[in-house]
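Residues per chain, in single letters:
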Amino acid sequence: MNFDLRFPIGIMFSFYGLLLSGYGLFTNGDQALYERSLNININLGWGLVMLAFGVAMLLLSRRGRKGE
Amino acid sequence: MHIKLGVLDYLILIVYFVFVLGIGWILKRRMKASTDFLLSGRSIPAWVTGLAFLSANLGAQEVIGMAASGAKYGIMTSHFYWVGAIPAMVFLAIFMMPFYYGSKARSVPEYLKLRFDEKTRGFNAISFAVMTVFSSGISLHALAKLLELLLGWNYTMSILISAFIVLVYIFLGGLTSAIYNEVLQFFMIVLGFAPLVFLALKDVGGWSALKVKLIPVATSQGFAPGTWSESWAHMGAYNQNPMGADWFTMVAGLGFVLSFGYWCTDFLVVQRAMAANSMSAARRTPLIAAVPKMLFPALVILPGMIAIALQQAGGAIIPLGADGTPDFNMTIPALLSKYLPTGLLGIGFTALMASFMSGMAGNVTAFNTVWTYDIYQSYIAPKKTDNHYLWMGRIATVAGIIISIGCAFLASKFNNIMDMLQLVFGFVNAPLFATFLLGMFWKRATGHGAFFGLLGGTASAALFHGLAHTKGAEVGIKGAWLAQKFIFNSEMAQNFTMAIVAWTTCFVLTLLISLATARTKTDAELTGLVYSLTPKPKAEDEPWYQQPVTLGIIILVLTLILNLIFW
């Protein structure tokens, strides 16, 4: 068995990405919350970046498994 | 200063620890021999060892300390990366890795035993083992103090919980577990700090606005306007820059002696490369690490520069310490709490906590290997079964963590003891690279030469420290306990010069004593350990653009370009 680290990394960051972007959607327009981040909904934006990273890792890990 | 974490932030923190412990749990079944536990069975792909190589050094000192230096010294701090770390990593990959990975050595001290003799190994192994458990304790103490300060957590509980998590995942999955978690932590740091830097840079108005805002920072301290934003332009003389060092002292002391000494001989980082699954992967490990390392100043130094610029412009960013001056070590936590809303704050905070813990884990995994192979197997209980050493590796992990906890409490009670120990480690480390350089590239270097050269180098460092004085520093732990013979503008410059003195002493002594003593190892015994007696590593079946030399040259050219851009 060879343990592919890309898989847990992919799972973890996809989860964080969903969590943050979901929270970002939910709190969109909440000025009190996003005042500190210069009125940018950084949870939504960066959550999507993390989700994309997580999914990319999952895809790489799947491709790696097929290649074996 | 206080950070308030929301429910979501705590959830993110808990999920991270679930993954960390889960990885240890999955790896548990694979730990069958002592080499699986302590050396990862040499089975890990290069991209993983590469990121772990980088991450093992990305502990508390790096993240917190580099931001602090960014505020104190400005962009000159990048010399730690673009003059120090990167060239050293390329050198390790191209010239030194073939000997570490190609010889049968399981650790850096064991290489010294094969190349020189028992006493040289003993000196290195014992000083290294002591050093790692104390460093691990210092990491633990710093983390607990931060948690107490920021979140109001109980100091003792913080120590016990963090130590317990580190213990569990190493105990289960050994070095592999530590390495995998270092990779996880690497991505946490990058993904957690990038939005922080983005927001801070936007707040200050971009890079060109930052340069303008850094002018009063420099002029108010009596330096030329561009001192905080130009890395080389003010290195002509020691009194032109806040580092207090001219270009020669910086390049020789920091770039050559300290950085090469750390990156090329410290088993904590070298161990990661030695866990790679092939010679070519081992050689690519530091090169893969060098690429993100090149860009790290943007993540760790830039925030410090932004903080000091905003501070100068009247914003109260960096909290004041007990003595009323800005506490630069609080720069990163202060920025986290200033810019990140609940949600992302959890990611940033988790990244910070993870970096402390992986700093600790790195030390513990290096400690258990050196203890088990270089001290226990060599001096206490040789010729036991491998199962016995696997058991010992686990015991050493537990013992290492318990001693770390003890050191953490010691550090919280007697700060001076820790300063003193770190000082002594500095004396021992400074000359080390001279020994390796001569050992690897000069077959005539002998065991007596290496051992007494190291002792002499260490003694000269201590002696120099006794004679050197930094303006305004107290006499004693900071130096000058013999006389104030050499006066420096900053502690950093004093440190660089001490390294140069120690390295030169060790180099000259090793050279002379080697010539005066007989060789004890034949050419045949030194094959695979010395450059001229080792067949060149065959370019395995990889194309020219994937070979270490090609990659190394590309990395050095890119680093040169970075130096020129920010000259």
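Calculation notes
- Throughout, residues of each chain are indexed from 1 in the direction in which the sequence is written.
- A letter from A marks each chain and a number from 1 marks each ligand, given out in the order of writing.
- Only residues with pLDDT of at least 70 are given local features in this predicted model, and only at 80 or more are side-chain atom pairs given and counted; all residues enter the totals for whole chains, interfaces and linings.
- Counting from the N terminus, the helices are DSSP H or I runs at least four residues long and the strands are E runs at least two residues long.
- C-alpha atoms define the radius of gyration in this analysis, and the globule rule sets the expected value at 2.2 Å times the number of residues to the power 0.38.
- Partly exposed residues are those whose C-beta has more than 12 but fewer than 20 other C-beta atoms within 10 Å; with 20 or more the residue is buried, with 12 or fewer it is exposed, and the C-beta atoms are placed from the backbone.
- Remark: residues whose backbone-derived C-beta atoms lie within 7 Å of one another are considered to be in contact.
- pLDDT measures how confident the predictor is about each residue, on a scale from 0 to 100.
- When residues are sorted by character, Ala, Val, Leu, Ile, Met, Phe, Trp, Tyr, Cys and Pro go into the nonpolar class, Asp, Glu, Lys and Arg into the charged class, and all the rest, Gly among them, into the polar class.
- Residues of type Ala, Val, Leu, Ile, Met, Phe, Trp, Tyr and Cys that are buried and joined through C-beta atoms within 7 Å form what is called a nonpolar core.
- The angle between two axes is taken between their N-to-C directions and runs from 0 to 180 degrees, where each axis is a line fitted to C-alpha atoms and a helix contributes only its stretch in contact.
- Any angle that is under 35 degrees is reported as roughly parallel, and any over 145 degrees as roughly antiparallel; angles of 65 to 115 degrees are reported as roughly perpendicular and all others as oblique.
- Left-handed is the label given to a crossing in which the near helix is rotated counterclockwise from the far helix by less than a right angle, and right-handed is the label when the rotation is clockwise.

(A) Highlighting the overall build of chain B. Of the regular secondary structure elements, chain B holds 21 helices and two strands. The C-alpha radius of gyration computed for chain B amounts to 23 Å, which stays within 12% of the reference 24 Å derived for 567 residues, consistent with globular compactness. Taken over 567 residues, chain B has a buried fraction of 57%. Taking as baseline every contact in chain B between residues at least 6 positions apart, the subset at least 24 positions apart corresponds to 80%.

(B) Up close: the confidence of the model for chain A. Of the residues in chain A, 94% have a pLDDT of 70 or more, and the chain-wide mean is 90. Model confidence for chain A, summarised as mean pLDDT per element, is weakest for helix α2 (residues 31-34) of chain A at 89 and strongest for helix α1 (residues 6-26) of chain A at 95.

(C) Region of interest: the interface of chain B and chain A. On the side of chain A, 21 residues touch chain B, which itself brings 25 residues to the contact. If you list the elements that add at least two residues to the side of chain B that touches chain A, you get α1 (7-27), α8 (155-204), α14 (331-339) and α15 (344-380) of chain B. Per-element accounting of the side of chain B that touches chain A gives the leading share, nine residues, to α8 of chain B. Grouping the constituent residues of the side of chain B that touches chain A by class yields 20 nonpolar, two polar and three charged.

(D) Broad picture of unusual backbone geometry. Within the chain, L38 of chain A stands out as a residue other than glycine whose phi angle is a positive 55°. Looking at the element boundaries, L38 of chain A is found in the loop between α2 and α3 (42-67). Judged by the 13 C-beta atoms lying within 10 Å of it, L38 of chain A falls in the partly exposed class. The backbone of S40 of chain B sits at a positive phi, close to 60°, despite the residue not being glycine. Along the chain, S40 of chain B turns up in the loop between α2 (34-39) and α3 (46-56). Looking at S40 of chain B, the number of C-beta atoms within 10 Å reads 30, which means it is buried.

(E) Examining the environment of V130 of chain B more closely. With respect to the helices and strands, the residue V130 of chain B is situated in helix α7 (residues 118-151). In this structure the C-alpha to C-alpha distance between V130 of chain B and I553 of chain B, which are 423 residues apart in sequence, comes to 37 Å.

(F) Just helix α13 (residues 302-312) of chain B, in detail. Residues and elements named next belong to chain B. Extensive coverage of α13 is indicated by the burial of nine of its 11 residues. Residues of α13 that are buried: L302, P303, G304, M305, I306, A307, I308, A309 and L310. On its buried face, α13 sits against α4 (60-73), α8, α9 (206-219), α12 (279-300) and α14. Following α13 by one or two positions, G314 adopts a phi angle in the positive range, close to 110°.

(G) Layout of the nonpolar core. Residues and elements named next belong to chain B. By size, the foremost hydrophobic cluster in this structure holds 216 residues, and its most contacted members are M89, V166, V183 and M305. The biggest single contributor to this core is α8, with 24 residues. Discounting residues that sit within four places of it in the chain, M89 has contacts with W263, P286, A289, A290 and K293.

(H) A look at the packing of α4 of chain B against α13 of chain B. All names here are of chain B. Viewed as axis vectors pointing N to C, α4 and α13 meet at an angle of 45°, and their least axial separation amounts to 7 Å. It follows that α4 is oblique to α13 by the angle criterion. For the element pair α4 and α13, the recorded crossing hand is right-handed. Here A67, A68, S69, G70 and A71 of α4 lie close against α13, whose contacting residues are L302, P303, G304, M305, A307 and I308. Taken together, the residues of the contact of α4 with α13 sort by class into eight nonpolar, three polar and no charged.

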